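# Analysis of the macromolecular model
Below are the chains, spelled out letter by letter.
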Amino acid sequence: MSPQRKQFLRQLTAHLVLIIVCALVLVPLVMVILASFRKGNFPPNALWLSLDQWTLDHWKYVLGIPYREVMNATSGETRLIQAQTPPLHWFFNSILVASLASLGIILLAGTAAYAFARLRFRFRGPTLTGLLILQMFPQVLALTAYYRILSYIGQRVPWIGLNTFPGLILIYLSGISINIWMIKGYFDTISISMEESARIDGASRFQTFFRILLPMSAPIFAVVFILSFIGMISEYPTASVVLQDSAVRTLAVGAYSLVGEQEKLWGHFSALAVLSGVPITIMFLLCQRFIIGGLTSGGAKE
Amino acid sequence: MNDGAVHITDLVKTYTDDRGRPTFTAVKKINLEIQNGEFMVLVGPSGCGKTTTLRMVAGLEKITSGTIAIGDRIVNDMEPKDRGIAMVFQNYALYPHMTIFNNMAFGLQLAKKKKDFIQDTVGRTSKALGLDQMLERKPQALSGGQRQRVALGRAIVRNPQVFLFDEPLSNLDAKMRVQMRSEISRLHSQLGNTMIYVTHDQVEAMTMGDRICVMKDGAIMQVADPLTLYRQPENLFVAGFIGSPPMNLLKGKIERRDGGLVFAETAEQNAVSVPLIGQVEALGSKLLDKPVIFGVRPEHLTEESKNGSHVPVASSVDIAEPMGSESLVYLKAGTGNLIARIHGEALYEMGQPLTVYVNMEKVLLFDSETEKVIR
Ligand SMILES: Nc1ncnc2c1ncn2[C@@H]1O[C@H](COP(=O)(O)OP(=O)(O)O)[C@@H](O)[C@H]1O
Ligand SMILES: [Mg+2]
């Protein structure tokens, strides 16, 4: 075989592999997008829509815009449809919960990681290991416990009970040990001498944390924020137990309710699924500019 | 109040683990008096506790026992910012996300100084350091030497009583190091502040220090001005540490031979023996048959005999390193090696026999057991 031919074959194989991987990612996405524009409620199963199959009904439903649906094809009878709780509402619920909880996680995990990375105290090591071990049990296992706890709290402090966002956020905030580990790992790579220098300059611990360490750690906080945010936008089990009123549902819970036992509204579901990608994409683009290397370079030479 | 003297008394540092159990004693009950305005160098091999000592003065490390006073105030429990100190770190420790201006102004801003004052102070200091053109840059855009100068500027702006330096030049290349060395020395003579300077490099110590404190294993071996350290080391460690190449040290004992005293190396064969004359002879007469260590610096081994103070030792050349006006000659003599620093442009060949003359006025004798110099 000539070298050119060999080279060609090698490139061909590489491209084929890449094309297959791209297809694996793109095909389902295209199917879902098409299903959201397809007349009737069909599960995502087609890669092509003929012209007469297109409709905006599902998107109107999801966005809470009233539209007419044909009830009887022969008589041409129609009815006006508008969702009682427009799924768009769930969308904003999700953004609210995910943003607040992610912020809370950053604050809690960041300060905890600071303590583990920079302070010396009894049981520091065992606590750190303990956190990791605890995290190995899936949170879902504790769902019934969470339910009981929240309903108990809710009887006394109604705004943190079941069917409240604070209640859900509280549960989300309990699962941060992996984030503590991640942030601590990042802090460990930053030379402590800059903070010591700030201390000599007269900065308090809080000033040192917020004005020196935090700005240098922007990348890890961006990563933790975006990962938590994505996780919570799509989190189902906990949210479905805590949030049962239609008005307070999050996107994932709401979307699932569209494909329930009796009725499977695949078209609505698909539109909502596509919509849920929007905040994640936006948040990712926002965070991306913080996820850059070299933030600490020039400060301390190792 | 304006007194930058530092008094260190019975200072001990024992590191502890998370549970507070002692792990390692890095500083062992040291005492050191540093005068106001003095340039004091702490020098010693890596791990001898220099940094630990400096960090205790800075207030970054808790003191296990003993006291540190700056001026007439005991500072043991004082926050670093209240001690009247400024520190320059080995790794610069600049704030990477701040401009050079803010790096230097940070302390003043925290102290809530007036904007005009900060502008003025930072402006003046940066100008003196040649940094005024880069105040808006971030540290990343600066060279190593410039970064260390920013760190220096940040310290100067604080207007401290005492400057603390922890190996500030060790990250710079050789040329930059020499330049910064003289810059820091100049700074000291301009400002007149007390400076405590940590280094493991004895050349830096000798060239910069008013006085030098030589440390080993958490203890102080000797505190003296550079020339005294060089001429009159108090123990074997200082003798070997100060000077480059290091002092030649031979193990042996004083014996009486043919009516005179000689130092005889302890060896199965080929032992070097050096007749003692002058003051060493007087010293040696008290040490008859005692094990001693005989020390002579390479620069006190010469090729020509002079006015009766020199005695010959036969040897052969092992390796010679000609350096222009002088040569470092590694000699085989007795059981081991001697290094001689010989003036002149002569070239030496391997194996060539060479008689060197020991300048007996400069010879030191050390007690083998206590390693102390014998006087
Ligand atoms: N945080 C620490 N915990 C335990 N031992 C330490 C700690 N810091 C330094 N040491 C030990 O103390 C000794 C002195 O350290 P240091 O003062 O940094 O030495 P030097 O600056 O002279 O090289 C070293 O043996 C070092 O291993
Ligand atoms: Mg050190």
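See the structure shown above.
Residues numbered from 1 in each chain as written. Chains lettered and ligands numbered in written order. Predicted model: local features only at pLDDT ≥ 70, side-chain atom pairs only at ≥ 80, totals over all residues. Heavy atoms only, no water.

## Quick look at the site of ligand 1
Residues and elements named next belong to chain B. Applied cut-off: Nearness is judged by heavy atoms alone; a residue qualifies as near a molecule or strand once a single heavy atom is within 4 Å of it. Think of a polar contact as two N or O atoms within 3.5 Å of one another; within protein, one of them needs to be a possible hydrogen donor and the other a possible acceptor, and neighboring residues in sequence only count if both atoms come from side chains. Each accessible area is a Shrake-Rupley result for a 1.4 Å probe, and residues are judged covered by the shown protein chains and nothing else. Helix numbers and strand numbers start at the N terminus; a helix is a DSSP run of H or I with at least 4 residues, a strand a run of E with at least 2. Gly is placed with the polar residues, together with every amino acid not listed as nonpolar (Ala, Val, Leu, Ile, Met, Phe, Trp, Tyr, Cys and Pro) or charged (Asp, Glu, Lys and Arg).
Neighbouring ligand 1 are the residues Tyr-15, Phe-24, Ala-26, Ser-46, Gly-47, Cys-48, Gly-49, Lys-50, Thr-51 and Thr-52. Within the side chain of Tyr-15, a nitrogen or oxygen atom sits 3.3 Å from a nitrogen atom of ligand 1. Burial of ligand 1 by the protein amounts to 61% of the accessible area it has alone, namely 560 Å². Top contributing element to the shell around ligand 1 by residue count: helix α1 (residues 50-58), with 3 residues. When the residues that make up the shell around ligand 1 are grouped by side-chain class, the tally is 4 nonpolar, 5 polar and 1 charged.

## A few points about the pattern of salt bridges
Residues and elements named next belong to chain B. How we decide: The rule for a salt bridge is simple: a side-chain nitrogen of Lys or Arg has to be within 4 Å of a carboxyl oxygen of Asp or Glu. Only protein chains enter the accessibility calculation, which uses a 1.4 Å probe; a residue whose area is less than 20% of its type maximum is buried, one above 50% is exposed, and one in between is partly exposed.
Across all of its chains, the model carries 16 salt bridges over all chains by this definition. For Arg-21, the salt bridge identified is with Asp-17, shortest N-O distance 3.2 Å. Given a relative accessible area of 25%, Asp-17 falls into the partly exposed group.

## What about helix α6 (residues 165-173) of chain A?
All names here are of chain A. Condition: Contacts between residues were defined by any pair of non-hydrogen atoms, one from each residue, lying within 4.5 Å.
The buried fraction of α6 amounts to 7 of the 9 residues, a majority that puts the element mostly inside the structure. Of the positions making up α6, those classed as buried are Phe-165, Gly-167, Leu-168, Ile-169, Ile-171, Tyr-172 and Leu-173. Considering only its buried residues, α6 is in contact with α3 (87-118), α5 (143-156), α10 (218-233) and α11 (237-242).

## Some words on the side chain of Asn-93 of chain A
Checked against the element boundaries, Asn-93 of chain A lands in helix α3. Leaving out residues up to four positions away in the same chain, Asn-93 of chain A has contacts with Phe-165, Ala-247, Val-248, Arg-249 and Thr-250 of chain A.

## Quick look at the packing of α3 of chain A against helix α13 (residues 266-288) of chain A
A pair of packed helices is captured by two measures, namely the crossing angle of their axes and the spacing between those axes. Residues and elements named next belong to chain A. Put simply, the test is: Angular values range over 0 to 180 degrees, each being the angle between N-to-C directions of two axes fitted as lines to C-alpha atoms, with helices fitted over their stretch in contact. Oblique is the label for any angle not covered by the other classes, which are roughly parallel (under 35 degrees), roughly antiparallel (over 145) and roughly perpendicular (65 to 115). Crossing handedness is read from the near helix: turned anticlockwise from the far helix by less than a right angle, it gives a left-handed crossing, and turned clockwise, a right-handed one.
In the contact formed by α3 and α13, the axes pass within 11 Å of each other and the chain directions differ by 30°. Considering the angle they form, α3 stands roughly parallel to α13. By crossing handedness, the relation of α3 to α13 is classed as right-handed. Residues Pro-87, Leu-88, Trp-90, Phe-91 and Ile-95 of α3 touch α13, and the partners they reach there are Leu-272, Leu-275 and Pro-279. Of the residues that constitute the contact of α3 with α13, the class distribution is 8 nonpolar, no polar and no charged.

## A short note on the side chain of Lys-184 of chain A
Residue and element names in this part refer to chain A. Within the secondary structure, Lys-184 sits in helix α7 (residues 177-189). You can call Lys-184 buried: its relative accessible area is 13%. When residues no more than four places from it in sequence are discounted, the contact partners of Lys-184 are Ala-113, Phe-116, Ala-117, Arg-124 and Leu-128.

## What to know about the sheet that holds strand β12 (residues 260-265) of chain B
Residue and element names in this part refer to chain B. To be explicit about the condition: The criterion for strand pairing is that DSSP finds at least two bridges linking the strands in question.
Judged by pairing direction, the sheet is antiparallel, and its 5 strands sit side by side in the order β13-β12-β11-β14-β20 without closing on themselves. With one partner strand each, in any of the chains shown, β13 (273-275) and β20 (364-367) form the two edges of the open sheet. For this sheet, the mean inter-axis angle between neighbouring strands, taken without regard to orientation, is 40°. With 4 bridges joining them, strand β14 (residues 291-296) and β20 adopt antiparallel strand pairing.

## What about the pairing of strand β16 (residues 310-322) of chain B?
All names here are of chain B. Of the strand pairs in this sheet, β16 and strand β19 (residues 353-359) are connected by 7 bridges, and their pairing is antiparallel. Looking at the pairing, Pro-312 lines up with Tyr-357 of β19. For β16 and strand β17 (residues 326-333), the ladder comprises 6 bridges, and the chain directions are antiparallel. What sits directly across from Val-317, in β17, is Leu-331.

## Remarks on the interface of chain A and chain B
So the rule is basically this: Accessible surface is computed with a 1.4 Å probe, and the buried area is the amount of it that two parts give up when combined, taken over both parts together.
At the junction of the two partners, chain A supplies 29 residues and chain B supplies 31 residues. Between chain A and chain B the total buried area reaches about 2,600 Å² when both faces are included, carbon and sulfur atoms providing 52% of it. One can count 4 salt bridges joining chain A with chain B. Put simply, Glu-196 of chain A and Arg-55 of chain B hold a salt bridge, and the shortest N to O gap is 2.7 Å. Here chain A and chain B share 12 residue pairs in polar contact (both at pLDDT 80 or more) between them. Listing elements by their share of the side of chain A that touches chain B, those giving two or more residues are α4 (124-136), α8 (193-200) and α9 (205-216) of chain A. Taken together, the residues of the side of chain A that touches chain B break down into 10 nonpolar, 11 polar and 8 charged.

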